[in-house]
Each structure stands twice: as C-alpha cells, then as structure tokens.
Amino acid sequence: MQDCKSLALRILDALSYGLKLEEKNYLSSLHKSILGPHNHSSLRYLYYPPISGKLKKGQIRLLEHTDYGCMTLLFQDSVGGLQIKSRDGTYIDACPIENSVLINVADLLQYWTHGDLKSTPHRILVPDDPLKRSAQRQSIAFFVHPNENLFVSNTLFKRDVSDTMTLRNFTKQQLENMTVGEYVTGQFSRTYA
Ligand SMILES: O=C(O)CCC(=O)C(=O)O
Ligand SMILES: [Fe+2]
C-alpha cells in the first residue's frame, strides 16, 4: 500500500509538471492523505473465475465504465481481456505487459483538467483463447482519491466560464459546494446500492 501511495504521488508530480501547473507539487499535495483516515483511496483485489462451457466470442466480464476518483493504478496478470475505449470510440486491447502498471485517468482528473486528460472508459472481455478462458484472471486495482475535505470544484484548474465540463451527471451548481468525500460516498452508494 505504501508503495502504491509513493508511486501515485510520483505520477501526480509528473502530471503537475506536464500540465504546467505553477505549483509543481500541486496535484500530489491534494493526495498526501492517502492511507490516512480522511481519504477514500483503496486497494481492491479482483478475481474472475475460470470459464467452463461454451461462450460466444466477445462476451463481456466487466461492463464498460470509468473510475470515479483521480486515477487508478492497475496491476494485471497475464490472462488479459482489458480493453480501453479510445477517443474515436474504438476499443483497444490493453495487453498485459510484464512488470508494468497500467494507469487509468479517472473522472476527477478529467473534470479538473477540463477534459485535457480523458477519463478512460474500460471493460473486461472474456478471452478468446481457450487456455486463457480456463484460467482464473486476477488483477489488483489501487484507486487513487484526493483528500475527502477538498472541494470538488478546485479553483486552481479553473479556465473560462464557457467551459461546460462537469462531473458525472452533476450540474456545475451542485458541484460548487460538494466535497470529494460527499462525491465519493455518493458514488459508492450508487454503485453498491
Ligand atoms: O479487473 C480489472 O483489471 C479492472 C477492474 C476495474 O476496472 C475496476 O474495478 O474498476
Ligand atoms: Fe475500472
């Protein structure tokens, strides 16, 4: 967990640099509370059991979605099946690469950057290869969230008033006084209701 936190903070520093933010540690400073009591970041182990019997090609194991925090670090095994949707709407196989971590931008980062960084729609397909089908698939996701007391409408990223970017289906007005904690717990209860 500590290593996931360190990696997340390093990536956030690289992003602050890439986004040319004046404060070079700005994004990581919003996430210093990871692993503390005021932060909803979590590590999730995912298990997909082996598949027996016949299945049509291209069956979906996990429906397309975007993650709702800041970003996600994903550690896949070698079975594969993860696909990400590109900006033109086509799916691309995100084939597992040994000793690598896949980073998915999530909704908060898309919202803050006004869509410059795109929250990646992704899904998991059942593999075509019968050998891979009969194997279990395991993956570990570290969902990176900022401090729960931060306001979702973060001023540092504000650009111009004509920007229509919002977050999920909230209006700009609703987001005005919403903390990250309220937003995240709302999404949890919507997802797991
Ligand atoms: O199983 C995976 O590799 C991805 C899981 C995922 O996208 C999620 O839990 O949000
Ligand atoms: Fe996901």
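As the structure is a prediction and not an experimental result, all values here were calculated from the model.

A.B. asks: Could you clarify how one ought to interpret the side chain of Lys5 in this entry?
C.D. replies: Within the secondary structure, Lys5 sits in helix α1 (residues 2-18). There is no salt bridge for the buried Lys5, and the closest opposite charge comes from Asp3, which lies 11 Å off by N-O distance. Other than its neighbours up to four places away in sequence, Lys5 contacts Lys32, Ile34, Leu35 and Phe142.

A.B. asks: What should I look at first to understand the coordination of the iron ion (ligand 2) in this one?
C.D. replies: Any two of four tetrahedral donors ideally make an angle of 109.5 degrees at the metal, while pairs among six octahedral donors ideally make 90 or 180 degrees. Listed as protein donors to the iron ion (ligand 2) are His65 (NE2), Asp67 (OD) and His122 (NE2); their distances from the metal cover 2.1 to 2.3 Å. Written as a sequence motif, the donor arrangement for the iron ion (ligand 2) is H-x1-D-x54-H. On the basis of relative accessibility, which here comes to 26%, the residue His65 falls in the partly exposed class. On the accessibility criterion, Asp67 (8% relative accessible area) is buried.

A.B. asks: Even after reading the chapter, I still don't get the confidence of the model for the protein, so can you show me in this structure?
C.D. replies: Should the pLDDT be low somewhere, the predicted coordinates at that spot are not to be read in detail. Residues of the protein with pLDDT of at least 70 account for 96%, and the chain-wide mean is 91. Interface confidence for the predicted complex, given as ipTM, is 0.98, next to a pTM of 0.93.

A.B. asks: Explanation requested: the sheet that holds strand β2 (residues 60-65) in the structure shown.
C.D. replies: Strand order across the open sheet formed by 4 strands is β2-β7-β4-β5, with antiparallel pairing between neighbours. The strands lining the two open edges of the sheet, one partner per strand, are β2 and β5 (91-93). For this sheet, the mean angle separating the axes of adjacent strands, direction not counted, is 25 degrees. Two strands pair when backbone bridges link them, and β2 and strand β7 (residues 122-125) are joined in this way by 3 bridges, in the antiparallel orientation. Bridge assignment links Leu62 to a residue of β7, and that residue is Ile124.

Scoring rules and cut-offs
- Residues numbered from 1 in each chain as written.
- Chains lettered and ligands numbered in written order.
- Predicted model: local features only at pLDDT ≥ 70, side-chain atom pairs only at ≥ 80, totals over all residues.
- Heavy atoms only, no water.
- Helix = DSSP H or I, 4+ residues; strand = E, 2+ residues; numbered from the N terminus.
- Buried < 20%, exposed > 50% of the residue type's maximum accessible area, 1.4 Å probe, protein only.
- Lys, Arg positive; Asp, Glu negative; His and termini not counted.
- Salt bridge = Lys/Arg side-chain N within 4 Å of Asp/Glu carboxyl O.
- Contact = heavy atoms within 4.5 Å.
- Donors = N, O, S within 2.8 Å, 3.2 Å for Na, K, Ca; no water.
- pLDDT = per-residue confidence, 0-100.
- Pairing = 2+ DSSP bridges.
- Axes fitted to C-alpha atoms, helices over the stretch in contact; angles between N-to-C directions.

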